[in-house]
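Overview (structure and organization)
Spelled out from the first residue to the last, the chains are:
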Amino acid sequence: MAKTSEGIGGLSYDARKRTRPPELNVLAALILIIVAFELLGQLFIGDSFLFNTRDNLDTLFNEQRLQIIILQVAIVGIIALGVTQVIITGGIDLSSGSIVGVTAMVAMSFAQVAVVNGNPNPKAIFGSEWMDLPVIVPILVGLCCGLFAGLVNGALIAYTRIPPFIATLGMMVSARGFAKWWSKGNPISFPTESYATIGKGMMPVLIFVFLAVLFHLIMTQTKYGKHCYAIGSNEAAARMSGINVTGHKVLVYTIAGALAALAAIVLSSKNLTAQAGMGVMYELDAIAMAVIGGVSLQGGRGSIIGTCLGALIFGVIISGFTFLKLDAYYQEMVKGLIIVGAVVLDQWRQTKRGRG
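The rules behind each value
- Residues numbered from 1 in each chain as written.
- Predicted model: local features only at pLDDT ≥ 70, side-chain atom pairs only at ≥ 80, totals over all residues.
- Heavy atoms only, no water.
- Helix = DSSP H or I, 4+ residues; strand = E, 2+ residues; numbered from the N terminus.
- Axes fitted to C-alpha atoms, helices over the stretch in contact; angles between N-to-C directions.
- Parallel < 35°, antiparallel > 145°, perpendicular 65-115°, else oblique.
- Contact = heavy atoms within 4.5 Å.
- Nonpolar A, V, L, I, M, F, W, Y, C, P; charged D, E, K, R; others polar.
- 1 Å grid on protein atoms, 1.4 Å probe; cavity = no way out; pocket = protein on both sides within 12 Å on 5 of 7 lines; lining within 4 Å.
- Points joined across faces, edges and corners; volume = space filled by probe spheres on them.
- Expected span 1.5 Å × (residues − 1).
- Buried < 20%, exposed > 50% of the residue type's maximum accessible area, 1.4 Å probe, protein only.
- Disulfide = S-S within 2.5 Å.
- Phe/Tyr/Trp six-rings, centres within 6.5 Å; stacked < 30°, edge-to-face > 60°.
- Polar contact = N/O pair within 3.5 Å; in protein donor to acceptor, adjacent residues only side chain to side chain.
- Salt bridge = Lys/Arg side-chain N within 4 Å of Asp/Glu carboxyl O.

Let's shift gears to the environment of Val252. Here Val252 shows up in helix α10 (residues 245–271). Residues Val252 and Val115, spaced 137 residues apart in sequence, show a C-alpha to C-alpha distance of 41 Å.

And the structure:
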């Protein structure tokens, strides 16, 4: 027999209708996927996916694989933190991948060395007076690039009331074109040592973890976070309650643009080069990470923790297919299925809540 208690106005509470935090469901899915790859590895290639099987190493886990898993999702994960905030407010951002491309090109232009192997830099974009600059210069230039793009997105959406899909789609196309124009399609290389340090080793992971903790606190403990959820749940009610919806939307998209720019700086530093094609499809990966992590495409629900778990699921799946020696094009097919499946899952969750 269910335990019920009477509330105000005769309303009753049924313990059976309690729902677990969505993050627990995502964590359970992550564990199941890891177990599945572990079993498939033992069955088909006779090796362990997660645990170390080499006699010359005394560690329990395969540390190299664990590092690869988190490294390959850290940069897109930074973008996903911004995309999460956008989706929670009821919007969408399709421009983050292109912002990565244009920011990488612009930032790397200000991070170049003047001399390479005793000769002038063959990839130089500017004159020698713009070479060997302090690392803070390309960082600030790159962040300003992302801030500007995000500000344009937010202003278009908030003040002209055009759908976020259209506004950010326009930015996606324009930013990618600007990235190609910047160096006439040529890659930009040879950064300073200080700039290269940003993406070296596990630095991308440390940056991602720091930002995840920061924005988790912001979304759960500040007015900014509460306003994001309020706008996504009911924009009209949020406006009537005194929230500056227009200004808040501009701020959210500006932050998302800045995070995409930071991801570009880390990516170009890690690769020691910048190309106009950087960041292609990153926006869809980031959206999928957020939705897999429980962020509702309808707005008003989701969390940074869920997005981080969604990013780990992405990383485990990609690493798992590599571990099973499946070709890269299979990975792309599965990523497409994951994106579609994430949207279907979100729609199912919305239908289930509506019936409840």
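Turning next to the packing of helix α8 (residues 223–233) against α10. One way to put it is that α8 packs onto α10 with a least axis distance of 11 Å and a crossing angle of 110°. Judged on the interaxial angle alone, α10 and α8 are roughly perpendicular. Counted together, Tyr224, His227, Cys228 and Ile231 of α8 and Val245, His248, Lys249, Leu251, Val252 and Ile255 of α10 form the full contact between these two elements. Tallied by class, residues from the contact of α8 with α10 come to 7 nonpolar, 2 polar and 1 charged.

On to empty space enclosed by the protein, then. Under the counting rule described, the total for this entry stands at 1 cavity of 30 Å³ or more. In this structure, the largest cavity encloses a volume near 40 Å³. The wall of the largest cavity is formed by Phe314, Ile317, Ile318, Phe321, Gln331, Val334, Lys335 and Ile338. Split into classes, the residues belonging to the lining of the largest cavity amount to 6 nonpolar, 1 polar and 1 charged.

Glancing now at helix α4 (residues 136–160). In this model, α4 (25 residues) spans 35 Å end to end at C-alpha, consistent with the 36 Å of a helix rising 1.5 Å per residue. Where α4 is concerned, the buried positions are Pro138, Gly142, Cys145, Gly146, Ala149, Gly150, Asn153, Gly154, Ile157 and Ala158. Looking at the residues trailing α4, positive phi occurs at Arg161, about 65°.

This part takes up the state of the cysteines. Here, disulfide denotes a covalent bond that connects the sulfur atoms of two cysteines. Under the criterion given, the structure shown has 0 disulfides. The cysteine Cys145 is free of any disulfide, with Cys144 supplying the nearest cysteine sulfur at 8.8 Å. Look at Cys145 and you get buried, because its relative accessible area is 18%. In this model Cys228 remains outside any disulfide bridge; the closest cysteine sulfur is found in Cys308, 16 Å from its own.

Below, the discussion takes up the packing of helix α2 (residues 63–88) against α10. Where α2 meets α10, the axes come as close as 8 Å, and the angle between the chain directions of the two elements is 175°. Viewed along their axes, α2 and α10 adopt a mutual orientation that is roughly antiparallel. Contact with α2, carried on its side by Ile75, Ile78, Ile79, Leu81, Gly82, Gln85 and Val86, involves Val252, Tyr253, Ile255, Ala256, Leu259, Ala260, Ala263, Val266, Leu267 and Lys270 of α10 and no other residues of that element. Among the residues making up the contact of α2 with α10, the classes are represented as 14 nonpolar, 2 polar and 1 charged.

Take the packing of aromatic side chains next. All told, the structure shown has 11 aromatic pairs when counted by the stated rule. Between the aromatic rings of Phe126 and Trp182, the centroid separation amounts to 6.1 Å while the plane-to-plane angle is 80°, which identifies the pairing as edge-to-face. Placement of Phe126 in the loop between β4 (119–120) and α4 and of Trp182 in helix α5 (residues 164–182) is noted, with a sequence separation of 56 residues between them. Residue classification places Phe126 among the partly exposed positions, given a relative accessible area of 27%. Judged by relative accessible area, Trp182 falls into the partly exposed class, the value being 21%.

Next up on the list: the side chain of Thr192. Position of Thr192 among the secondary structure elements: in the loop between β5 (188–189) and α6 (193–196). Ignoring any residue separated from it by four or fewer positions in sequence, one finds Thr192 in contact with Ala111, Gln112, Val113, Asp132 and Leu133.

Looking at where Ser183 falls in the secondary structure, it is placed in the loop between α5 and β5. Given the relative accessible area of 6%, Ser183 is considered buried. A distance of 2.4 Å separates the side chain of Ser183 from the backbone oxygen of Asn186, its partner in a polar contact. Setting aside residues no more than four positions away along its own chain, Ser183 makes contact with Met105, Ile125 and Ile188.

Turning next to unusual backbone geometry. You will see that Asn117, though not glycine, has its phi angle at about 55°, which is positive. Along the chain, Asn117 falls in the loop between β3 (115–116) and β4. Residue classification places Asn117 among the exposed residues on the basis of a relative accessible area of 77%. Despite not being glycine, Met281 shows a phi value in the positive range, around 75°.

Further remarks concern the pattern of salt bridges. Under the criterion given, the structure shown has 3 salt bridges. Ionic pairing is found between Glu193 and Lys200, a salt bridge with its closest N-O pair at 3.0 Å. Judged by its relative accessible area of 46%, Lys200 is partly exposed. Here Lys249 ties to Glu235 by a salt bridge, and the two come within 3.0 Å at their closest N and O atoms. Remark: Glu235 occurs in helix α9 (residues 235–240) and Lys249 occurs in helix α10; sequence separation between them is 14 residues. Through salt bridges with shared partners, a single network forms among Glu235, Arg239 and Lys249.

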